Amino acid sequence: MAFVPVKVGDYIKKFKDLLGKKYKKINSNDLVVKTSDGSGMDIETTIMSNYPDVKSSGSDGSVKITYKCKPVASKLEVVLDTQSKFTSKLETTSLADGLTLTGNIAAIPAHLVSKKLGSELGLEAAYKKEAVTTSAKVSVKTSSADKLFDLKEEKKICLDGALSAAVAKGVSVGMDFSAEKGAGLNKWGLGTNVSSGALNFGIYSSQLKDLTTGFLYKCSKKTSFGAQGKFSKKKDEESEKMIADLGFGVQHQFNDITLLQGKTELNLAKAGSDFQSAVGYGAVMEYSIPDMSSKLQLTSTVSAKGSNFGILCTYGDK
């Protein structure tokens, strides 16, 4: 069987997830309840003590509804939360072999809008076949939801694309880009991913200005080790400095019900003058309770900014 290349967005995903995925809930204590009707409808309800990046006086929550329609190879996903944020996407693979077509909408209220989060309407086509993985997305973007359907409001029309090719078995090489009508090409990147047995290595550079690289190695069926390095240049009034952030993580599955993760992060720019403020630590314990279809995750991080502790309890997890 021919090798299907990794998509560009996943070149550095495996070791990045080891250092970050399970740590995202650190600023909140969450209860997640998952239910399914057995016919394609799944509902996930989340109650959180703190909404990310929002000063809220009380608890918040969200509801995620997913419906899979197998006869037409399609999936609908709708997410709503107590901060009036709404996102939805419709995905289908029925049009052609290897082709996935996705339409999405994001309606973001004004108080949640940021550089990374805004309202949009988008349509994406992704194609995955032997020796090539590619995608293209056209989207209309604006800030808050009230401006999304206002015809008088000026909006951004953007095109995002990516192409990944297999140059050898286990080796993917590719590039991605982002362009905006009236502004031209505003972002592009190059990268590669190598997967060989227990080792996964990746590297990605945005416009050759910064670089992220790392690896994930499965020492055994139960233990994995990974490392990541981020290198970028920062300009100030006097000079240009190289900023380097290193991360090291390990995961061990003790048995069917207990998983542990640990990580250490180091900012090399600060390490020479103040080593204590340059180092951060994190740990995760995940405990599954099969008889109750539940999972309990305890997460802790310590850095110069302070320490955080988060609890995530999932009921109905499969």
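Please refer to the structure higher up on the page.
Presented here is a report on the structure given in the accompanying data block.

Right, let's get into the pairing of strand 3 (residues 60–69). Pairing analysis gives eight bridges linking strand 2 (residues 41–48) to strand 3, with the strands arranged antiparallel. Looking at strand 3, one finds that Glu44 is bridged to Lys64. Direction of pairing for strand 3 relative to strand 4 (residues 74–81): antiparallel, over a ladder of eight bridges. Looking at the pairing, Tyr67 lines up with Leu76 of strand 4.

Evaluation of the coordinates by the stated rule reveals seven salt bridges. Across the salt bridge formed by Lys137 and Glu120, the nearest N and O atoms sit 2.9 Å from each other. Separated by 17 residues along the polypeptide, Lys137 in strand 8 (residues 132–142) and Glu120 in strand 7 (residues 119–129) bring together distant segments of the chain. Across the pair Glu265 and Lys263 runs a salt bridge, and its minimum N-O distance is 3.5 Å. Among the charged side chains, a salt-bridge network with shared partners connects Lys22, Glu286 and Lys295.

Evaluation of the coordinates by the stated rule reveals one aromatic pair. With centroids separated by 5.8 Å and ring planes inclined at 55°, the aromatic side chains of Phe215 and Phe225 adopt a geometry described as tilted. With Phe215 in strand 13 (residues 210–218) and Phe225 in strand 14 (residues 223–235), the pair connects residues that are 10 residues apart, well separated along the chain. Residue classification places Phe215 among the partly exposed positions, given a relative accessible area of 28%.

What follows concerns helix 1 (residues 13–20). Taken together, the buried positions of helix 1 are Phe15, Leu18 and Leu19. Seen along its axis, helix 1 keeps its buried residues to an arc of 90°; they face one direction.

Criteria and thresholds
- Chains are numbered independently. Their residues run from 1 in the order of the written sequence.
- This being a predicted model, a pLDDT of at least 70 is required before a residue's local features are given, and a value of 80 or more before pairs of side-chain atoms are given or counted; all residues contribute to the totals for chains, interfaces and linings.
- To get the side-chain values, take all heavy atoms of the structure and skip hydrogens and water.
- Pairing between strands requires that DSSP locate at least two bridges from one strand to the other.
- Numbered from the N terminus, helices here are DSSP runs of H or I no shorter than four residues, and strands are runs of E no shorter than two.
- Counted as salt bridges are all cases of a side-chain nitrogen of Lys or Arg within 4 Å of a carboxyl oxygen of Asp or Glu.
- Stacked, tilted and edge-to-face are the three classes assigned to paired rings of Phe, Tyr and Trp, where Trp is represented by its six-membered ring and a pair needs centres within 6.5 Å; plane angles under 30 degrees give stacked, over 60 edge-to-face, the rest tilted.
- Each residue's exposure class comes from its accessible area (1.4 Å probe, protein chains only) as a fraction of the maximum for that residue type: buried when under 20%, exposed when over 50%, partly exposed otherwise.
- The arc refers to the directions leading from the helix axis to the C-beta atoms.

So, to be careful, I would describe these as geometric facts and stop short of saying anything about function.
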